[in-house]
Amino acid sequence: MNEDLDHLFRRGAFGASQQDVAEYARLGFLGFSSAVAHLLDYARLPDDVDDFIGRPGYTGITAPGGFLPASIIGHARQRWLFRMVHSRRPLQEKMALFWHNHFATAYSKIAGELNATEATRMLAAKPSEDPGGVKGQLELLREHALGNFRDLLVAIAQDPAMLVWLDGRSNFRAQPQENFARELMELFTMGVGTFAETDVYAGARVFTGWNLARPGTGAAQYYAFIYNAGQHDTGAKTFTFPIYPSGSTTIPARAAASGMQDGLDLINAVAAHPLTGPRLARKLYAFFINEVDNPDPALITEVAQIYYSRNYAIEPMVRRLLLSSQFRDPANYYKRYAWPAEFVVRALKEVGPVGFSVNDALTPLANMGQQLFEPPDVNGWELGPGWFSTGSMLARMNFASQLATNQKFNLREAARPHAATPEALVTHVLDRLTAQEYSGSSQAALMDYARTGASYPASDAQLATKVAGLVHLVVGSGDYQFI
Amino acid sequence: MPITRREFVKGGVAAFTVSFAAPEFLSDLAVAQGQSRRNLVVLYLSGGNDALSTLIPYTDPQYYARRTALAIPAATVLQIGTDSSGRPLGLNPRLVGLRTIYNAGRLAIIQRTGYPNSSRSHFQGTDIWSTADPSSPQGPGWLGRYLDMLPSPVDPLTAWSTVRETPRTLLARTVGVPSIPDPVQYAFASPNPNTPDAPLGRQSATRIASHLPVDKPHLAFVNATSQAAFATLDRVAEVTTYVPTAAYPNNGLGQALRTVAGAMVRGIGTRVFWVQTGGFDTHAGQNTNIANGSYNTLMNTLNASLLAFYTDLLNQGLLNDTLLLQFSEFGRRVSENGSAGTDHGAAGLMFAMGGGVRGGLYGTAADLRAGADNPTLENNGNDVRHETDFRSVYATVIDRWLGADSTVVLGQNFRGGPGFLA
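Residues numbered from 1 in each chain as written. Chains lettered and ligands numbered in written order. Predicted model: local features only at pLDDT ≥ 70, side-chain atom pairs only at ≥ 80, totals over all residues. Heavy atoms only, no water.

Turning next to the overall build of chain A. Within chain A, the secondary structure is distributed over 24 helices and four strands. Here the C-alpha atoms of chain A give a radius of gyration of 24 Å, agreeing with the 23 Å that 2.2 N^0.38 yields for 483 residues. Seen through its principal axes, chain A has C-alpha atoms that stretch 85 × 55 × 40 Å. Within chain A, contacts between residues at least 6 apart in sequence are counted, and of these 72% link residues at least 24 apart. As displayed, chain A has an accessible area near 15800 Å², and 53% of this comes from carbon and sulfur atoms. Each charge class in chain A can be summarised by its mean position, and for the 42 positive and 47 negative side chains these summaries are 3 Å apart. (Helix = DSSP H or I, 4+ residues; strand = E, 2+ residues; numbered from the N terminus. Rg over C-alpha atoms; globule rule 2.2 N^0.38 Å. Contact = heavy atoms within 4.5 Å. Areas by Shrake-Rupley, 256 points an atom, 1.4 Å probe, with all protein chains shown as cover. Lys, Arg positive; Asp, Glu negative; His and termini not counted. Charge placed at Lys NZ, Arg CZ, Asp CG, Glu CD.)

Below, the discussion takes up the overall build of chain B. Along its length, chain B carries 13 helices and 13 strands. Across the 422 residues of chain B, 62% fall into the buried class. Within chain B, contacts between residues separated by at least 24 positions form 71% of all contacts whose residues are at least 6 apart in sequence. Split by element, the accessible area of chain B, about 14400 Å² in all, is 52% carbon and sulfur. Separation between the mean location of the 32 positive side-chain charges and that of the 30 negative ones in chain B comes to 2 Å. (Buried < 20%, exposed > 50% of the residue type's maximum accessible area, 1.4 Å probe, protein only.)

Let us now look at the sheet that holds strand E3 (residues 78-82) of chain B. All names here are of chain B. What the three strands build is an open sheet, ordered E2-E4-E3; its pairing is antiparallel. In this open sheet, the two strands that pair with only one neighbour each are strand E2 (55-56) and E3. Note: E2 against strand E4 (residues 88-91), two bridges, orientation antiparallel. Bridge pairing links Leu 55 to Leu 91 in E4. (Pairing = 2+ DSSP bridges.)

This part is about the packing of aromatic side chains. Counted under the stated rule, the structure contains 40 aromatic pairs over all chains. With a centroid separation of 5.0 Å and 20° between ring planes, the pair formed by Tyr 44 of chain B and Phe 327 of chain B is classed as stacked. Of this pair, Tyr 44 of chain B sits in strand E1 (residues 39-45) while Phe 327 of chain B sits in strand E8 (residues 322-327), placing them 283 residues apart in sequence. A relative accessible area of 6% means that Tyr 44 of chain B is categorised as buried. Under the relative-accessibility criterion, Phe 327 of chain B is labelled buried at 3%. Ring centres of Phe 188 of chain B and Phe 230 of chain B lie 5.2 Å apart, and the angle between their planes is 70°; this geometry places the pair in the edge-to-face category. Separated by 42 residues along the polypeptide, Phe 188 of chain B in the loop between strand E6 (159-161) and helix H8 (197-209) and Phe 230 of chain B in helix H9 (residues 217-239) bring together distant segments of the chain. Here Lys 94 of chain A stacks its cationic end above the ring of Phe 14 of chain A, 4.8 Å away from the centre of that ring. Over the face of the ring belonging to Tyr 449 of chain A we find Lys 466 of chain A, whose NZ or CZ atom lies 4.4 Å from the ring centre. (Phe/Tyr/Trp six-rings, centres within 6.5 Å; stacked < 30°, edge-to-face > 60°. Lys NZ or Arg CZ within 6 Å of the ring centre and 35° of its normal.)

Next up on the list: the environment of Phe 82 of chain A. Residues and elements named next belong to chain A. Its place among the elements puts Phe 82 in helix H4 (residues 73-86). Among the residues examined, Phe 82 registers a relative accessible area of 0% and is labelled buried. Distance in space between the C-alpha atoms of Phe 82 and Ile 61 is 7.9 Å, their sequence separation being 21 residues. Non-local contacts of Phe 82, meaning those with residues more than four positions away in its chain, are made with Val 49, Phe 52, Ile 53, Tyr 58, Thr 59, Ser 87 and Val 358.

Turning to the packing of helix H5 (residues 96-103) of chain B against helix H11 (residues 294-315) of chain B, a few remarks are in order. Residues and elements named next belong to chain B. With their axes 7 Å apart at the nearest point, H5 and H11 run at an angle of 40° to one another. As far as their axial angle goes, H11 and H5 are oblique. Of the residues in H11, those in contact with Val 96, Gly 97, Leu 98 and Ile 101 of H5 are Asn 303, Leu 306, Leu 307 and Tyr 310. Of the residues that constitute the contact of H5 with H11, the class distribution is six nonpolar, two polar and no charged. (Axes fitted to C-alpha atoms, helices over the stretch in contact; angles between N-to-C directions. Parallel < 35°, antiparallel > 145°, perpendicular 65-115°, else oblique. Nonpolar A, V, L, I, M, F, W, Y, C, P; charged D, E, K, R; others polar.)

Residue and element names in this part refer to chain A. Considering the arrangement of structural elements, one finds Gly 384 in the loop between helix H19 (362-368) and helix H20 (390-406). Since its relative accessible area comes to 0%, Gly 384 is described here as buried. For Gly 384, the contacting residues outside a window of four places in its chain are Glu 291 and Tyr 337.

Residue and element names in this part refer to chain A. Running from amino to carboxyl end, H4 crosses helix H7 (residues 116-124) at an angle of 20°, the nearest separation of the two axes being 9 Å. On the basis of the axis angle, H4 is roughly parallel to H7. Note on packing geometry: the crossing formed by H4 with H7 is right-handed. The residues of H7 that touch H4, namely those facing Ile 73, Ala 76 and Arg 79, are Thr 120, Leu 123 and Ala 124. In the contact of H4 with H7, the residues fall into four nonpolar, one polar and one charged. (Left-handed = near helix turned anticlockwise from the far one by under 90°.)

Moving on to unusual backbone geometry. Cis geometry marks the peptide bond from Tyr 456 of chain A to Pro 457 of chain A; its omega dihedral reads -5°. Counting through the fold element by element, Pro 457 of chain A comes out in the loop between helix H23 (440-451) and helix H24 (460-475). The step from Ser 152 of chain B to Pro 153 of chain B runs through a cis peptide bond, and the omega angle for that step is -5°. Among the structural elements, Pro 153 of chain B can be located in the loop between helix H7 (142-148) and E6. A positive phi is found at Tyr 334 of chain A, a non-glycine position, where the angle reads about 55°. With respect to the helices, strands and loops of the structure, Tyr 334 of chain A is situated in the loop between helix H17 (325-328) and helix H18 (340-351). Of the residues examined, Tyr 334 of chain A reaches a relative accessible area of 11% and is grouped as buried. Of note in this structure, Asn 380 of chain B is not a glycine but carries a positive phi near 60°. Secondary-structure assignment places Asn 380 of chain B in the loop between strand E11 (377-378) and strand E12 (383-384). Among the residues examined, Asn 380 of chain B registers a relative accessible area of 62% and is labelled exposed.

Glancing now at the interface of chain A and chain B. Taken together, the contacts link 69 residues of chain A with 57 residues of chain B. Taken together, both faces of the contact between chain A and chain B bury some 5300 Å²; the carbon and sulfur share is 56%. Considering only the surface of chain A that becomes buried against chain B, Val 192, Thr 390 and Leu 394 of chain A emerge as the three largest contributors, covering 11% of it. At the boundary of chain A with chain B, the tally comes to 30 residue pairs in polar contact (both at pLDDT 80 or more). Counting only elements with at least two residues in the side of chain A that touches chain B, the list comes to helix H11 (179-188), helix H12 (197-206), helix H14 (276-288), H19, H20, H23 and H24 of chain A. Looking at the side of chain A that touches chain B, the element that brings in the most residues is H20 of chain A, giving nine residues. (Buried area = accessible area lost by both parts, 1.4 Å probe. Polar contact = N/O pair within 3.5 Å; in protein donor to acceptor, adjacent residues only side chain to side chain.)

Right, here's the structure in full:
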């Protein structure tokens, strides 16, 4: 593929496997913009990736007692990784990962307060896997991945996992619970330092009665959002920022029966707040364009304007970014630190997923600092350089070793036509791994490794050793930690 | 905007890579810098510890009035005497081991620590405590600035974070602090084990990591991180065989402190350690009065881990060389909420433990009577107002334990705080 397509698939997807490349060739992309359209207009493609779990020719899963992704969190993690590797709609999974970090919700607290099965269901169940047809949080993030941000906020405010995670389920009239209201303003929309403590008190009162119900009986019991009118504080609530287009900062007193509107009014207000659009634009810019250099203020402004002019729609913001000249500028290539999940999935796609169980990536991912469904706190993961410490870097290098070991046979077969010289072998490995250009000294280190102790053309045994060793070196190198 | 490590690294990585010590000199460095035997362990209780459930004002009627579900009955608290205002105080009933240490004169408790206009945000609050700079909580941490003042080049194992991410407190401009949650995992694997290609691979990987391009500071940063990993692997491996003299509990904090003790006993050169334990964001179900309620679990973890660490250090003859300093990003509101929990508040408490500590109760307890006119509370009587600026506690540690100049590290003179170090 062309370099700009490789770049597009590293950023807008999780990289491209050999099979993906063949499929894209079959679809006959006319060029970069048709590839962008293919990624963005994923609604035209079936959401059928789960049908391929357990089939030959795909990355494996491990579930000796049966695969139960709506009740065992390790299985839910495997299913999501499988989707990242194999979905025909990779941008949807990419955005779901973005929102998982934005609305960071952790399994362990929910499991501690309820139990492991309910917590997994709340985070990962498909509607068909819940007795009440309630979507798990991940499904909600996938549904709204490129949808409307204001609708996503409403869905999140009513999401059972969030109602446990930020304690909304115990937000009662007599003693309002501040947790959700604070983070709604500080982390989900406007940003820290943009509101006052009085706004937190008022926000907590606004969401009184946004609780959790448990309808059904026996095994058919399930959790769902309920507006509990009897627990709603009906008094007026005044904020330091405008709530309504008129500029009014007060949510009026309302009868308990219609008090749910308070929360919708506040969500409208924080979605419309002048700092929310730019903040989202900056986060998306860092995610898609460049998180290393100072952002381009004109593009941020433009994307923020799109947010408001398109009534909080996410898709046009992402489209604008992917089609921008900045996106295609080679100066922005490899200027994003790969999140551990992105690193693992790209490596699986580029090195080879078949014969590897995604279950074996779960502990390495935790060691790299990103256990899915377990962000460190509601602020999400510390991105960028925050991913990198000596320990987490060793975990990345050691995953590279584990994967190269697992794929030794496949790697050797693919490398066979390139076994004539050490130069040919190194070139083959770098090309397969869409690596950025290595410095002279790093190339020399790879060449010395390829040469030492082997004769060329390489024997089968030498080839297996060297190609696995080279893949380990490249995937474990600093250069490969950027997408 | 949350202030992130990223913004710091943008300006800082170029400098960061300059004075990185080359691996071959490290053993000499460790010896040379081993002159000071003093260890500092920073313990962070993440989430905002409810100080009023740790150190209990069990004679204050307002404590019982404002916490009908959460107040701990006076009869069960572990009495440790009165503070300088004459207020009797007691430790949480689970902190039996800490009371033993307190009675041995090796635990100092500093009440109402904080700063003016306390942030109620976890992230901003943590950044403020980490940088010791409430007005601009970004860039290197207070211990990072101390590390930057050490004679260069600095041994990359001088500090050790036992959590996966380098905490801002240890973020320095010229020293990369390794994160080693588990020394056993801190090793370099090979797809060709037990063959000549294994050492050859490590050699090549080390060469690739030595490339620190000035025009790509982000890549230089990651490569320098790999370099530091290679430079510290073998010494860290020595810690994996440590056999402690006390039984550490099998939880994150206990195991981290066991590792810290192992690193000290093995003498691998580390002087500053970071340990952390979470779960203190007790908005709901704090359940101080239910046997296995969440706050009791937190206190059990703290108590068992610290008692084991104290005992181990005592047995190893390292207690006099070790200071443990505890903090949390804020205290919690005085009144409980409707979820049997407490929301974000202001001042909290710190404690210091070690052979050089002058044990006792420092500072005075708040009067918990609600009302805007109560000078010991703030925010209309909702939260505890700070009495001791946390930076004055840091100043004492910097001046009297680390032997550096606190006015330089903190950028201001915060001397004259509680005299908890002998």
